[in-house]
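Remarks on the overall topology
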Amino acid sequence: MIAFDAAHQAVHYPEDRRFRIWVSPRALLFVFVLVLGPVLLAWLQHAIFGLPHLSPSSASAAGTPSGPHGFPFWVRWSHFSNLFFLFMLIRSGLSILMDHPRLYWNDHCTPGTEWIRFTPLKVPKNRIWTAKDDARYISPIVSTPGYRHTVGIARSWHFITVYGFVLTGAFFVIGLLTSTQWERLVPTSPGVFVQAWNTFVLYANFHFPLEPNGFYGYNALQQLAYLATVFVMAPLAILTGMAMSPALVNRFPRYTKIFGGRQGARSTHFLVLIGFICFIVIHVTLIALTGFERNMNHIVLGTDDLRSGGMILGFVGIAVVLLSWIVAHYISWFFPRGLQHAQKAVTHPVMLLTLDRLHPREHYTTKDISPHFWPNGKMPVREDWKRLMADNFKDYRLKVTGLVENPVELSLDDLRTLGLEDNITMHHCIQGWSGIAQWGGVSMRKLIEHVKPLPSANVVAFYSFGGSLYGDLYYDTQTIFNVLKPESLLALTMNGSPLPAEYGAPVRLRVENQLGYKMVKWIERIEFVTSEKLLGEGEGGINEDDEYFDLLPNI
Ligand SMILES: Nc1nc2c(c(=O)[nH]1)N[C@H]1C(S)=C(S)[C@@H](COP(=O)(O)O)O[C@H]1N2
Ligand SMILES: [Mo]
C-alpha cells in the first residue's frame, strides 16, 4: 500500500482543495452561441410557423419490422462493455487533467493564455511556480484514483482500459458492417437531417415527438446522435489521444497540427469527454422518459415487452460498474506496483514495436520558441551544487562511469570539445503541458563514442544533484538504443544561453521521443549498467519507483 504518511499526505491531500472552474469570456461566448443559437432558432421557428409536424416513420409503427431491428447479443454486450470502459476512461482522464488543470489552444502553455482552468490560482509572477505546484486535488468519488498528483496511477488505468474501449468499438463496428444493423445508425436519405432538426424544434419547445419504438427504429435526431457518438466522438477521442504522444508529435508534427497542435489535441480530447458526458446524461434521461422498462428490455435482454427483467438485470449491470470504481480505487492504493506492472505488460511491448521506433524529426524555428517554459522539479539544495553554481561550474566534472571502456570526468569545456549541436524541440510533460525551446549541447551519441560502453551495457543512468518529490536523489534511465536517436542531447544551453539554474544547470538530458520526467536536470554523474532493475527500486527512475510512472513513456 502507498504509505499515506505526512509527505504523501502533503502531496496527495493538500490543505487547499478548493475547486473552481474559470472559462475565458471568448470560450463562454462560443458555448453560448453554440448551445443557445439553435435553441433560439427553434423558438423562432415555433413562434412564426408553429410546431413542425413529424409524420411517424414506418419503422415507428410498432410491431411492423420493415427493416433491420432488434438488439442482437453483440449490440447488447458491446453497449455494456462500452459503458464499463468509457467510465473508467472518463474517471482516470479527470485525474490526469487535474495534474495540469489548464487547457490551451497554443503549444506554449503560457499562463494566462488558457481558455479554461480548473484551479482558483493564477500563476504567481514573483517566484518560481512549477507545474507540480500547480497540480490540483480532485475527489476520488468522481475520478480514479483522485486526490492530487496521482497521474502515474491514473495513466495506468487510462492505458489499460483504453484497450477495452478500442476493442469494444472494433467489435461493434465489425458487427454493424457484417449485418444490416448499420442501417439503424447511418442515414440513408437526406430527409433524416430535416426530420432531426424538426425533432430538435419539438424538444426545444418542451414537446416530445411521437417517439418510435426503438426496437424497430430511432427518431432522426436520436439516430444522428448515435451516429456521431460512434463515428465521430469515439474516433476523435482516439486520434486526439494519439496526437498527444511525444514520440508521434515529434516525428509527425503535422499530424498533430490537424487538431490545432499538441494543446489543441489535448483540449479536443477534453471536449470529447464533455461530449460523452452530455450524451450520457441526455441518453439516460430520454431512456427513462420514453418507457424505461421497455427500453431496458431492448438493450439488456434484446426483447420488446413491458416486463421488468431487463430493468432489474440492467441495475445489476450498473451496480457492477459502480463496484468496479470502488475496486479500482482500492487497487490504486493497495497494489499500485501491481497495477503499474500490469500496465507495463500491456503497453511496453506495443511501444517497443511501434512508437519507440520513431525518430524525432522536428522543424521548429527560433520564432516558435515559447515565451514561457514551465519549470518543473525541485531545485538542488546541496551545498556542492550551490558552490559550483556560484562559480559558474568552473570546477564541475561530469563523471561517466560503469560498464565503459573509457570512464571519464569531463569539465564543461571538455564536453564542448566533443562537438555541439542545437535543436529546437517541443517538450511534453506527463502532466499535460508543452513548450518549445532551443537546446544546445553534446549529443549522447558523441559521448557514447567517447566512453565506449562494453557489450554488456544496455542502459544509461543519469543521477541528479537535485532531490525527488519525496526527498530522495533524482535519477532516471534510458536504453542506449534510445539515447542514440537524433536530438538526444546532454544540453548545456537553453535558447542560446547557458542553462539557467531552474532549467537544470549545468547539464541536463534531452530525449525528444519521451515525456519530460525522463530528462534529468542538474546532472551530477552518468553510469552505464546492464539493466535498470539494478538501480533504486528497479523500475527505471525515481518517478517510476515512487510515483508509478512508465519506464518508457512514448505516450
Ligand atoms: N533532477 C530533476 N530533473 C527533472 C525533474 C526533477 O524534478 N528533478 N523534473 C522532470 C520533469 S517532470 C520535467 S517536465 C522536466 C521539466 O523541465 P523544465 O524545468 O526545463 O521545464 O524536467 C525533468 N527533470
Ligand atoms: Mo514533467
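Residues numbered from 1 in each chain as written. Chains lettered and ligands numbered in written order. Predicted model: local features only at pLDDT ≥ 70, side-chain atom pairs only at ≥ 80, totals over all residues. Heavy atoms only, no water.

The next subject is the overall build of the chain. Looking only at helices and strands, the chain features 19 helices and 15 strands. The C-alpha radius of gyration computed for the chain amounts to 27 Å, which stays within 12% of the reference 24 Å derived for 555 residues, consistent with globular compactness. Dimensions along the principal axes, computed over C-alpha positions, put the chain at roughly 85 × 45 × 45 Å. A buried classification covers 52% of the 555 residues belonging to the chain. Counted over contacts in the chain with a minimum sequence separation of 6, partners at least 24 positions apart contribute 73%. Looking at charge distribution, the chain has the averaged site of its 46 positive side-chain charges lying 5 Å from that of its 42 negative ones. (Helix = DSSP H or I, 4+ residues; strand = E, 2+ residues; numbered from the N terminus. Rg over C-alpha atoms; globule rule 2.2 N^0.38 Å. Buried < 20%, exposed > 50% of the residue type's maximum accessible area, 1.4 Å probe, protein only. Contact = heavy atoms within 4.5 Å. Lys, Arg positive; Asp, Glu negative; His and termini not counted. Charge placed at Lys NZ, Arg CZ, Asp CG, Glu CD.)

So, on to the sheet that holds strand β15 (residues 523-529). Sheet architecture is open: five strands sit in the order β7-β6-β15-β10-β11, paired in mixed fashion. Pairing within the sheet leaves two strands with one partner each, and these edge strands are β7 (408-410) and β11 (473-479). Recorded for the sheet is a direction-independent mean angle of 20° between the axes of neighbouring strands. By the bridge criterion, four bridges tie strand β6 (residues 398-402) to β15 in an arrangement that is parallel. Paired with T401 across the strands is E527, a residue of β15. In the packing of helix α17 (residues 444-451) onto the sheet, the strands contacted are β6, β7, β10 (459-467) and β15, and the crossing angle to β7 comes to about 135°. (Pairing = 2+ DSSP bridges. Axes fitted to C-alpha atoms, helices over the stretch in contact; angles between N-to-C directions.)

A few words on the sheet that holds strand β2 (residues 102-103). Strand order in the open sheet made by the three strands is β1-β3-β2, with antiparallel pairing throughout. Two strands close off the open sheet at either side, each with one partner strand: β1 (22-23) and β2. In the sheet, β1 pairs with strand β3 (residues 116-117) via two bridges, with the strands oriented antiparallel. Its bridge partner lying in β3, V23 is registered against I116.

The next point concerns the pairing of strand β8 (residues 421-428). When you tally the buried positions in β8, you get six out of eight residues, the bulk of the element. Inspection of the sheet shows β8 paired to strand β9 (residues 434-443) by eight bridges, in the antiparallel sense. Looking at the pairing, H427 lines up with G435 of β9. Hairpin connection between β8 and β9: a loop of five residues separates the two successive antiparallel strands, and G432 in this loop has a positive phi of roughly 125°.

This part covers the side chain of N219. Positionally, N219 belongs in the loop between α7 (191-204) and α8 (220-242). Classification of N219 as buried rests on a relative accessible area of 8%. Within the structure, the side chain of N219 is placed 2.8 Å from the backbone nitrogen of Q222, a separation counted as a polar contact. Setting aside chain neighbours within four positions, we find N219 in contact with T199, Y203, P209, E211 and P212. (Polar contact = N/O pair within 3.5 Å; in protein donor to acceptor, adjacent residues only side chain to side chain.)

What follows deals with the domain arrangement of the chain. Its domain assignment divides the chain into domain 1 (18-54 + 78-356) and domain 2 (362-546). Taking only C-alpha atoms, the centre of domain 1 and the centre of domain 2 are 38 Å apart. Listed as interface residues are 34 residues of domain 1 and, on the opposing side, 34 residues of domain 2. Remark: the boundary between domain 1 and domain 2 carries three salt bridges. Here domain 1 is connected to domain 2 by 21 residue pairs in polar contact (both at pLDDT 80 or more). For the side of domain 1 that touches domain 2, the elements supplying multiple residues, two or more each, are α4 (131-134), α5 (151-177), α9 (246-251), α11 (261-289) and α14 (336-353). (Domains from an automatic or database assignment. Salt bridge = Lys/Arg side-chain N within 4 Å of Asp/Glu carboxyl O.)

Moving on, we get to the site of ligand 1. Around ligand 1 there are 20 residues in total, and W374, G377, R508, M519 and K521 lie nearest to it. W374 is positioned such that a nitrogen or oxygen atom in its backbone is 2.6 Å from an oxygen atom of ligand 1. Contacts to ligand 1 include K521, whose side-chain N or O atom sits 2.4 Å from an oxygen atom. Protein coverage of the free-state accessible area of ligand 1, which is 530 Å², stands at 99%. Taken together, the residues that form the shell around ligand 1 break down as 11 nonpolar, five polar and four charged. (Near = heavy atom within 4 Å. Areas by Shrake-Rupley, 256 points an atom, 1.4 Å probe, with all protein chains shown as cover. Nonpolar A, V, L, I, M, F, W, Y, C, P; charged D, E, K, R; others polar.)

Counting residues in hydrophobic clusters, the biggest one holds 67 residues, and the most contacted among them are L415, F462, L490, I523, I526 and F528. The element contributing the most residues to this core is β10, with six residues. Built from parts of two domains, this core gets at least three residues from each of domain 1 (18-54 + 78-356) and domain 2 (362-546). Non-local contacts of F528, meaning those with residues more than four positions away in its chain, are made with V400, T401, G402, L403, V404, I448, V451, P453, A457, V459, V460 and I480. Listed in part, the 21 residues of the second largest apolar core include A27, W115, V272 and L273. (Core = buried A, V, L, I, M, F, W, Y, C linked by side-chain atoms within 4.5 Å.)

To continue, consider the packing of α5 against α8. Running from N to C, α5 and α8 point in directions that differ by 150°, and their axes come no closer than 12 Å. Viewed along their axes, α5 and α8 adopt a mutual orientation that is roughly antiparallel. The handedness of the crossing between α5 and α8 is left-handed. Every residue of α8 that contacts α5 at F165, V166, F172, V173 and L176 is listed here: V230, F231, A234 and I238. Here the residues of the contact of α5 with α8 sort into nine nonpolar, no polar and no charged. (Parallel < 35°, antiparallel > 145°, perpendicular 65-115°, else oblique. Left-handed = near helix turned anticlockwise from the far one by under 90°.)

Before going further, it helps to examine the pattern of salt bridges. A full pass over the atoms with the stated rule returns 21 salt bridges. R307 is the salt-bridge partner of D305, the closest N and O atoms lying 3.1 Å from each other. In this structure R307 comes out as exposed when scored by relative accessible area, which is 61%. Residue E512 is joined to R510 by a salt bridge in which the shortest nitrogen-to-oxygen separation is 3.0 Å. When its relative accessible area of 3% is taken as the criterion, E512 is described as buried. The exposure class assigned to R510 is buried, which follows from its relative accessible area of 0%.

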